[in-house]
Amino acid sequence: MIHYSGKPLVAKRPPWEGGFVWAYDKEGNPWIAVTCQGTGASLWWPNKDHQSDEPDSMMISVTVPEGLMNISNGRLRSKTSMPEGWTRYDWFVSYPINNYNATLNIGKFVHFRDFYFDSDTLTLDYYVMLENLEMAREQFEQVGPMLGCFERYFGKYPFPKDGFKLVESPHLGMEHQSAIAYGNRYVQGYKGTASSEVGLTFDFVIIHETAHEWWGNSVTSEDIADMWIHESFAAYAEAVYVECLHGYEKALSYINGKKTKILNRKPITGVYGVNQEGSKDMYNKGQLVLNTFRHVINDDSLWWQIIYGLAHEFKYQIVTADDIVNYINEMTGEDYTYFFDQYLKYPGLPELEVKLTVNEGNVTLDYKWDADVQDFRMPIKVTTSREEYEFIHPTTSSQSIELNGIRPEEFGIAEDLFYVDIQQEVVYVDPSKDEQW
């Protein structure tokens, strides 16, 4: 047996900066939680502290004062009365679990249970503050439709033997495996705000953090430099949920609403081998990148096969970015390494340079990519005739085509489908003078 003790770090900005949250509920009862992704689980228990290492199961035992509960990952194995009024809770996790996902939640909770019925029955356990019980009953009704959507596109909930839990927390939230911390205060959107109207139709924390049960908890990146595998797919899952409930056009509106929040100053991919994640753009930009790739391959049946296949092929596994890209290349039969290199390894977007030359009513389109990746060759949809979007296949070398009966002001690029920068100019030629202006 290993004995250890001390004072763990206090979280400065949970859940983004790791440590313990020491709080009190409205009745003055202790309310304690921990978050440690990035900082490392060694801030509160001894372990081989690297994201590449996962135990195949775990027992979490926490002893708390009388009147309090501890909620951890997995199933409650036992509740044991201890001397001087203390109680020990023993929770068992029956699946592989990453260190940062192990958790405790100590407080005076009330518990209620629901069920998700599909081919199997999944228990849904909720632990909340007493004064929020009725709000929780109403807000958590979103869980069933969400699970139905995610199981359709990502496969079965990965941890059925351990059940599904939401635990009210004194911080915003965290994707702790089978025991998701919830702190969005029972409002829609992200703390009551959203970047699009449809974003206020659901609770962001419930949807995003649950998506991590597939993307992050089941499929886990080997190095935190590839945390985009967790966050980009979980962010895209928000749009998947919107598409399930409100349709494709509303999902596009949701995705494109994120553009104003993207900085494009640092790469999404971090530095390998030094515990350094990439840019926070991995959330919103990552969502737009996946939406872009969906429209690059232009085959929704194949797209959903890829998404489902990634969640299934790498279930309970540690993966790298190369694993993800190689799988996509295999599924599509094309080499899209150039695409992911550009969007993940460089901060800037590929820029589509277009020039429209007007000569006696005829319009010529010259186009090429300006990108960091030398062989960047992403196809993109533009209007080659009036109100008709078709693919062109730009490379980093200039190409040209004649447009069919459209004026320059009628020319368009499908910017809602492809996340790119655009540099566009219009040139008019005076054939009598052979001049441009």
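To start, this report covers the structure provided alongside it.

Rules of the game
Residues numbered from 1 in each chain as written. Predicted model: local features only at pLDDT ≥ 70, side-chain atom pairs only at ≥ 80, totals over all residues. Heavy atoms only, no water. Helix = DSSP H or I, 4+ residues; strand = E, 2+ residues; numbered from the N terminus. Buried < 20%, exposed > 50% of the residue type's maximum accessible area, 1.4 Å probe, protein only. Contact = heavy atoms within 4.5 Å. Areas by Shrake-Rupley, 256 points an atom, 1.4 Å probe, with all protein chains shown as cover. Lys, Arg positive; Asp, Glu negative; His and termini not counted. Charge placed at Lys NZ, Arg CZ, Asp CG, Glu CD. Pairing = 2+ DSSP bridges. Axes fitted to C-alpha atoms, helices over the stretch in contact; angles between N-to-C directions.

Re the overall build of the chain
In terms of helices and strands, the chain carries nine helices and 21 strands. With the C-alpha coordinates of the chain rotated into their principal frame, the extents come out at 100 × 45 × 40 Å. The proportion of buried residues among the 437 residues of the chain is 54%. At a minimum sequence separation of 6, the contacts of the chain that also span at least 24 residues come to 63%. Element-wise, carbon and sulfur atoms account for 48% of the exposed surface of the chain, whose accessible area totals about 19,700 Å². If the 36 positive side-chain charges of the chain are averaged to one point and the 64 negative ones to another, these points end up 7 Å apart.

Comments concerning the side chain of Lys258
As for its position among the elements, Lys258 is in the loop between α5 (248-256) and α6 (281-297). Overall, the relative accessible area of 7% leaves Lys258 in the buried class. Beyond its immediate sequence surroundings of up to four residues, Lys258 is in contact with Ser195, Glu238, Asn284, Gln287 and Leu288.

Quick word on unusual backbone geometry
Of the consecutive residues Pro14 and Pro15, the connecting peptide bond is found in the cis state with omega at 5°. Along the chain, the position of Pro15 falls in the segment before β1 (19-24). Even without glycine at this site, Tyr316 takes up a positive phi of about 60°. Mapped onto the elements, Tyr316 comes out in the loop between α7 (300-313) and β14 (317-319). The residue Glu387 is not glycine, and still its phi comes out positive at about 60°.

Observations regarding the pairing of strand β2 (residues 30-35)
Regular strands place side chains that alternate from one sheet face to the opposite one. Where burial is concerned, most of β2 is hidden: five out of the six residues are buried. With six bridges joining them, β1 and β2 adopt antiparallel strand pairing. Of the residues in β2, the one forming a bridge with Ala23 is Trp31. In terms of strand pairing, β2 meets strand β7 (residues 104-107) through two bridges, oriented antiparallel. Paired with Ala33 across the strands is Asn105, a residue of β7.

Topic: the sheet that holds strand β12 (residues 180-182)
Strand order across the open sheet formed by five strands is β8-β9-β10-β12-β11, with mixed pairing between neighbours. Each of the sheet's edge strands pairs with one partner strand only, and the pair in question is β8 (110-117) and β11 (173-174). Examined bridge by bridge, strand β10 (residues 164-168) and β12 share three bridges and lie parallel to one another. If you follow Glu168 over to β12, its bridge partner there is Tyr182. In this fold helix α3 (residues 204-211) packs onto β10, β11 and β12, with an angle of close to 165° to the strand it touches most, β12.

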